[in-house]
Structure formats: structure tokens, C-alpha cells
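Letter by letter, the chains look like this.
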Amino acid sequence: MIISPAMLKIFEECPQKYKFMYVDKISLPQNKYFFEKGKKIHAIASYYIKGFDVSKLENALSEKEKQIWNYLKTTEYFKYELLKSEYQLSAHLGKNWIGGRLDALVKDRDKYYILDYKTGEIPKNPEYDYQTMIYLLCADKFLKNYDSLCFVYLDLKNNSERKVQLTEELKEEYTNKLLATLDKISSGTKYKRNKLQDVKCSCDYYKICSIL
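Reading guide: rules and limits
Residues numbered from 1 in each chain as written. Predicted model: local features only at pLDDT ≥ 70, side-chain atom pairs only at ≥ 80, totals over all residues. Heavy atoms only, no water. Helix = DSSP H or I, 4+ residues; strand = E, 2+ residues; numbered from the N terminus. Expected span 1.5 Å × (residues − 1). Buried < 20%, exposed > 50% of the residue type's maximum accessible area, 1.4 Å probe, protein only. Arc of directions from axis to C-beta. Core = buried A, V, L, I, M, F, W, Y, C linked by side-chain atoms within 4.5 Å. Contact = heavy atoms within 4.5 Å. Phe/Tyr/Trp six-rings, centres within 6.5 Å; stacked < 30°, edge-to-face > 60°. Lys NZ or Arg CZ within 6 Å of the ring centre and 35° of its normal. Pairing = 2+ DSSP bridges. Right-handed = clockwise from strand over helix to strand, strands pointing away. Lys, Arg positive; Asp, Glu negative; His and termini not counted. Salt bridge = Lys/Arg side-chain N within 4 Å of Asp/Glu carboxyl O. Polar contact = N/O pair within 3.5 Å; in protein donor to acceptor, adjacent residues only side chain to side chain.

**Overview of helix 7 (residues 168–186)**
At step 1: Under the 1.5 Å per step criterion, the end-to-end length of helix 7 is 27 Å for 19 residues, consistent within 8% with the ideal 27 Å.
At step 2: If you check which residues of helix 7 are buried, you get Leu-170, Tyr-174, Leu-178, Thr-181, Leu-182 and Ile-185. Angularly, the buried residues of helix 7 cover 100° about the axis, an arc narrow enough to put them on a single face. Every exposed residue of helix 7 that faces more than 90 degrees away from the buried side is listed here: Glu-168, Glu-169, Glu-172 and Lys-184.

Below is the structure:
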């Protein structure tokens, strides 16, 4: 099994919730509108960056989606050489595999950029977000030689970006942090909820959790 950023975020939030989702595999209904909007933008971006005609897809966008798309397609990164789009990238770390599906990997000479399109909120501390750490470490092993490697959050909600460049110091820090979290997951830890028992949990699994 490949451990994704989403899985690590859930485990850090609440090990009990992690158990419900990834051990017991209990699924819950999702907000369809939010995901449909994100899917449309990701789909049109994937075709566009590969050089396909996306005019019909553009015509199907809502006005809000067109505003988002017009910002995204004019970013400097869409002018760079495309290496991968909607690509599953993974790497071995310790006793586990880590990875995820990156939106795009582009290069400008020997400078590489992992692109992530965010129609929602970007992480408050993107430098230490699990997605940043996992994608940069996986890309580092995939590319091996480069002048610079950056993870770029393209904030489509606010027409802005946040960039994190991988350094040797961050590489070591990311590796140690991820290994520590992976060890907790694989060491047979008890999946206890993080919330205090006398505090009502806002998690979607609270009804199940409350009877345990």
C-alpha cells in the first residue's frame, strides 16, 4: 500500500478516524459540488498543458470556473516544458511506500516545479504540509539531478501562489518527520481518538466513535 499525504494528515488529526477510513474502510458521502469543480479544472489543465485543444471544455465552464481557469492558464509554469501530468509518483521510505498523484511536473532548463492546483484553501504552513514533503522527496528520487526543485501551490481561490524549494536541510527534516509518523502507523499503535471524551467531536464519524 502506498501511503498518501491525505492518509498521513488524517492520522495526525485523529488515529481513530484513520482506522475508520483506511483500516475498516468505512466511507461517507462527500460534497459533490466541491469535487466536481476541482475535477473540471484539473481535467482542462491536464489537456491544455499537453497541447490539446480545450475550447469545447472551456465553453462548458461556469463563469466562476472560467475566472479560475483564465488565471491558471496564464501562469508562467504553463510555458515550461511538461514532463508529467496527472502522474502517480511514489518512492520507498523506510519500510513503506509513499506517494501521490501530482497535477503536473514541469521544467525550465534544470529547474523543476511540481504544480498543485488548489481550488480550495492552501495549507496554512505549506513548507511542512505532508503533500509538500512527500511530493518533493518522491520527485527528488525520480529526478536525481537538478539545479533546483520546488513545490508550487497555485492558489486558484486567491490568484496567488506559494513556493517551497527543497534544500538538503529540508530533505533531512522531511525524511525524519515522515519516518516518525510512518513508524507510529506501522508499529501496531492503538487507534485512539485525539479529542477529549467530554468534547463533542465535529468529525463525520462521531456517531460511530461515540459508541466505542
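On we go.
**Section: the nonpolar core**
At step 1: Counting residues in hydrophobic clusters, the biggest one holds 34 residues, and the most contacted among them are Leu-8, Ile-98, Ile-114, Leu-136, Leu-149, Tyr-174 and Leu-178.
At step 2: Those elements that provide at least two residues to this core are helix 1 (5–13), strand 2 (81–93), strand 3 (96–108), strand 4 (111–118), helix 6 (130–143), strand 5 (148–155) and helix 7.
At step 3: If you tally residues by element for this core, the top one is helix 6, at nine residues.
At step 4: Beyond its immediate stretch of four places on either side in the chain, Leu-178 contacts Leu-8, Leu-93, Ile-98, Tyr-130, Met-133, Ile-134 and Leu-137.

**What to know about the packing of aromatic side chains**
At step 1: Scanning the model with the defined rule gives 14 aromatic pairs in all.
At step 2: A ring pair is formed by Tyr-48 and Trp-69, whose centres lie 5.1 Å apart and whose planes are at 85°; its orientation type is edge-to-face. Placement of Tyr-48 in helix 3 (residues 32–49) and of Trp-69 in helix 5 (residues 63–73) is noted, with a sequence separation of 21 residues between them.
At step 3: The partly exposed category is assigned to Tyr-48, whose relative accessible area is 32%.
At step 4: Classification of Trp-69 as buried rests on a relative accessible area of 1%.
At step 5: Grouping aromatic residues by their ring pairs yields a cluster made of Tyr-48, Trp-69, Phe-78 and Tyr-117.
At step 6: It is Lys-84 that lies over the ring of Tyr-87; its NZ or CZ is 4.5 Å from the centre.

**Considering the pairing of strand 4**
At step 1: With seven of eight residues buried, strand 4 is to be regarded as a mostly interior element.
At step 2: With five bridges joining them, strand 3 and strand 4 adopt antiparallel strand pairing. Each bridged residue has a counterpart across the sheet, and for Lys-107 the counterpart in strand 4 is Tyr-112.
At step 3: Between the end of strand 3 and the start of strand 4, which pair antiparallel, lie two residues, with Arg-109 showing a positive phi angle near 60°.
At step 4: Inspection of the sheet shows strand 4 paired to strand 5 by eight bridges, in the parallel sense. The partner of Leu-115 across the bridge, within strand 5, is Val-152.
At step 5: What joins strand 4 to strand 5 is helix 6, and the crossover it makes is right-handed.

**Comments concerning the side chain of Lys-107**
At step 1: You can see Lys-107 is positioned in strand 3.
At step 2: Nearest to the buried, unbridged Lys-107 among oppositely charged side chains is Asp-110, at 4.3 Å.
At step 3: Within the structure, Lys-107 has its side chain in polar contact with the backbone oxygen of Arg-109 (distance 3.3 Å).
At step 4: A distance of 3.5 Å separates the side chain of Lys-107 from the side chain of Tyr-112, its partner in a polar contact.
At step 5: Beyond its immediate chain neighbours, meaning those up to four positions away, Lys-107 contacts Tyr-80, Glu-81, Leu-83 and Tyr-112.

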